[in-house]
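Single-letter residue listing:
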2 protein chains.
Amino acid sequence: MQRRSFLKRGVVGAAAAGAASIAAPAVVRSDDSFKWKLTTAFPPGVPFYSTGPGSLADLTQWIKTISGGRLDIQHFHAGELVPAFEGFDAASSGTLEVNAWVSYFGAGKIPAAQFFGAVPFGMSFQGQNAWFYHGGGIELWHEVYEPYDLVAFPCGNTGVQMTGWFKKEINSLEDLKGLRLRIPGLAGKGYAKLGVDVKLLPGGEIFPALERGVIDAAEWVGPAQDKRLGLNKAAKYYYTTGWHEPTTVTEFAINKQAWQALPPDLKQTVVTSCAAANMVAHTWSEANNAQAFEEFINEGTEARVLPDDVVGGLKTAMDGVYEELASNDPTFKKVMESYLSFKKTHDKWARMSEGVWHAKLRNPA
Amino acid sequence: MQRRSFLKRGVVGAAAAGAASIAAPAVVRSDDSFKWKLTTAFPPGVPFYSTGPGSLADLTQWIKTISGGRLDIQHFHAGELVPAFEGFDAASSGTLEVNAWVSYFGAGKIPAAQFFGAVPFGMSFQGQNAWFYHGGGIELWHEVYEPYDLVAFPCGNTGVQMTGWFKKEINSLEDLKGLRLRIPGLAGKGYAKLGVDVKLLPGGEIFPALERGVIDAAEWVGPAQDKRLGLNKAAKYYYTTGWHEPTTVTEFAINKQAWQALPPDLKQTVVTSCAAANMVAHTWSEANNAQAFEEFINEGTEARVLPDDVVGGLKTAMDGVYEELASNDPTFKKVMESYLSFKKTHDKWARMSEGVWHAKLRNPA
């Protein structure tokens, strides 16, 4: 962290006092100035994450504009300063001030981080964020990241992610056996329990692997991002349920010493801007997923819903995964209990509100 | 608008230049200061609107903190400066700087304002906001309010509202005939076409009227707000579908001259803070509706979904209402066409994403 203190309010106050006809400001504000570095797990040019409305480019620009340049966050993409998945440690140690990624990238080291990223069979956008802002979720996030000297906020959300692209239809649990599926993270453990041959491939390798039949299926994000990879040209069937990532959060994690050095106006600027980016990025995703999905269908993609017995099998498999993790890790258990308790109450309301809207009011097709 | 210009950057710049060892700020920012008045259609003490997380109290405090007091918006409740429904004209004429209400309160004068407030049989939270931020919705809002010298942004959202409290079950369209139902606005016109005896009562009169049987049913907001009025003590059946208000937006409308006088940092502060309030207020509503709904059920409320033929009848009635309005008002028609075109594409995505989440992943009860 570079901290440049070049104009304290005291100096300005003295200047103002010298001009007798000028009123004193109502609220005293520090004029300290801060230059931060943000690293991310995302390459340049990716809408939603790296560029465009609600992205990290937008968020850092809002903060700069709002603060009149007093909090100037330089935005680096994956690999420009540190490799994609090393930003967390870099922000934690204070090598730089902020890391942005999805919390589940760190779930190998911090299993509970899964709940701040995407929760298989968890809540969707409204529930996840209600838990964050009003159900103790952000407080738990801070508690879990306390040993890593990081303070994190949600700053974006993809919404429901797609199950992915499949070269053949999935009609039963049998069809999963031996299926070579690209999918990372916790959800991969659930698939593996059902006999799926789970493959880990970075984004850039998915299209050629799927097209050439090195893999049979691939999960990525959702229509807007999948279109950028051209996945609709490599497989015909586009499956949904979003069981693996019913809503996926972008994390903005700030080194604690850098955070604590900010005066109240800049802290509020960061908190407010992250909440605004969460709204703007998520709705970008909704608007652009809708557009891309319509284009896929017009171009011949076959949309499918995973059969109920497959979803049921995955649920049972994931229940086992959660149980294992909770029994080995009290922090995971604590966060899971908060999340599930909130979910239980919120699900009942979601059933009466958005659930009925989807069942009765939305156009059926 | 009071505009207090007491410390221009020129003054500070001169002081800084005098101290040769101090670097110049990277971005020049005006130190103009502004004192605004906000009036609202809401009484004091109402969570979501007047007080608590994401409310107008929170929003104005964020803006004050972020701007170091340079944009200080004094928050007045309904009737404190002007009556509840006269704030729009007051902000329009420049008597004060901001009015907050729900746009449909002005739909008598500006029918197209309905689309910025709540749209019977329209989109729910994610679609409405995707249209606002990425489908041209906010731009259309500004266009519609141009003749009124107002610039408006969404700053809160109740989510799906409940159909309301009924003393008797509704099993068919027949049961609507002669039913004395409290409901304001466009939705009331739809009910009236089906023989409902539509009543207009202010919030404070709903409970006694419903309890004493002066009315048979009443629409208000949703569980968290309905609980404050004690409506569960006055009627047994709590109906849903939210057809009349599938998502209801809080409007933050700024006098255009006041808006244009703001420097870029304060404009960005307002835009970003409104988007953040939209997120925080909506999720407050989700969290607290969930809690209150669970309490209602535990205390004996019977939750019901409007029967399909009733929803179908209301849809047909509302189609007629929309057609009439569109044929009489080219602005209404223009906004409706933008809204429905966006909705058509978004509904297909919603069906594949959140719709499947609700049907297959959420706990069934």
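Definitions and cut-offs
Residues numbered from 1 in each chain as written. Chains lettered and ligands numbered in written order. Predicted model: local features only at pLDDT ≥ 70, side-chain atom pairs only at ≥ 80, totals over all residues. Heavy atoms only, no water. Least-squares fit on C-alpha atoms with pLDDT ≥ 70 in both. Contact = heavy atoms within 4.5 Å. Buried area = accessible area lost by both parts, 1.4 Å probe. Salt bridge = Lys/Arg side-chain N within 4 Å of Asp/Glu carboxyl O. Polar contact = N/O pair within 3.5 Å; in protein donor to acceptor, adjacent residues only side chain to side chain. Pairing = 2+ DSSP bridges. Helix = DSSP H or I, 4+ residues; strand = E, 2+ residues; numbered from the N terminus. Core = buried A, V, L, I, M, F, W, Y, C linked by side-chain atoms within 4.5 Å. Buried < 20%, exposed > 50% of the residue type's maximum accessible area, 1.4 Å probe, protein only. Expected span 1.5 Å × (residues − 1). Disulfide = S-S within 2.5 Å. UniProt positions renumbered as here; feature names shortened; annotations may be inferred.

Draft legend 1. Local environment of the relation of the copies chain A and chain B. The transform that puts chain A on chain B rotates by 180° and translates by 0.0 Å along the axis, for an RMSD of 0.0 Å. Read as a symmetry element, the transformation amounts to a two-fold axis. Using C-alpha coordinates, one finds that chain A approaches the rotation axis most closely at A276 of chain A, a distance of 2.0 Å. When the interface residues of chain A are mapped onto chain B, 100% of them again lie at the interface, so the same face is used by both copies.

Draft legend 2. Structural view of the interface of chain A and chain B. In this assembly, 89 residues from chain A lie in contact with 89 residues from chain B. Taking both partners together, chain A and chain B bury about 8,000 Å²; carbon and sulfur atoms supply 69% of that area. Run the count over chain A and chain B and you get 4 salt bridges. A salt bridge links E294 of chain B to K348 of chain A; the shortest N-O distance between them is 2.8 Å. The tally of links from chain A across to chain B stands at 24 residue pairs in polar contact (both at pLDDT 80 or more).

Draft legend 3. Examining the sheet that holds strand β7 (residues 180–182) of chain B more closely. Residues and elements named next belong to chain B. Pairing is mixed in the open sheet, where 6 strands are placed in the order β8-β7-β9-β6-β10-β12. One side of each edge strand has no neighbouring strand; the edge strands of this open sheet are β8 (197–199) and β12 (302–305). With 3 bridges joining them, β7 and β8 adopt parallel strand pairing. Of the residues in β8, the one forming a bridge with R182 is K199.

Draft legend 4. The arrangement of the nonpolar core in detail. Core analysis: the largest hydrophobic core is formed by 201 residues, its most contacted members being W131 and F252 of chain A together with W131 and F252 of chain B. Apart from residues no more than four positions distant in its own chain, W131 of chain A is found in contact with F115, F116, M123, G136, G137, L140, V335, S338, Y339 and F342 of chain A.

Draft legend 5. Representation of helix α13 (residues 330–352) of chain B within the structure. Residues and elements named next belong to chain B. For α13, built from 23 residues, the straight-helix expectation of 33 Å at 1.5 Å per residue is met to within 8% by its first-to-last C-alpha distance of 34 Å. Along α13, the positions that sit buried rather than exposed are F332, V335, M336, Y339, F342, K343, T345, H346, D347, W349, A350 and M352. The N-capping residue of α13, defined by a side-chain oxygen 2.9 Å from the backbone nitrogen of T331, is D329.

Draft legend 6. Here's a closer look at the state of the cysteines. This structure, assessed with the given rule, holds 0 disulfides over all chains. Take C155 of chain A: it sits in no disulfide, and the sulfur closest to it among the cysteines is that of C274 of chain A, at 5.4 Å.

Draft legend 7. Looking closely at the UniProt feature "binding site: substrate" (unreviewed entry) in chain A. All names here are of chain A. Here the UniProt-annotated "binding site: substrate" (unreviewed entry) positions come out as Q161, R182, E219 and E245. Separation in sequence by 85 residues is not matched in space for these annotated residues, since their most distant C-alpha atoms are only 14.4 Å apart. Tracing the backbone shows E219 in the loop between β9 (217–218) and α9 (223–229). Other than its neighbours up to four places away in sequence, E219 contacts Q161, M162, T163, G164, L181, R182, I183, P184, I206, H244 and E245. Locating E245 in the fold gives a position in the loop between β10 (237–240) and β11 (249–255). The buried category is assigned to E245, whose relative accessible area is 7%. Those residues within four positions of E245 in sequence are excluded, and the remaining contacts are Y104, A118, G159, V160, Q161 and E219.

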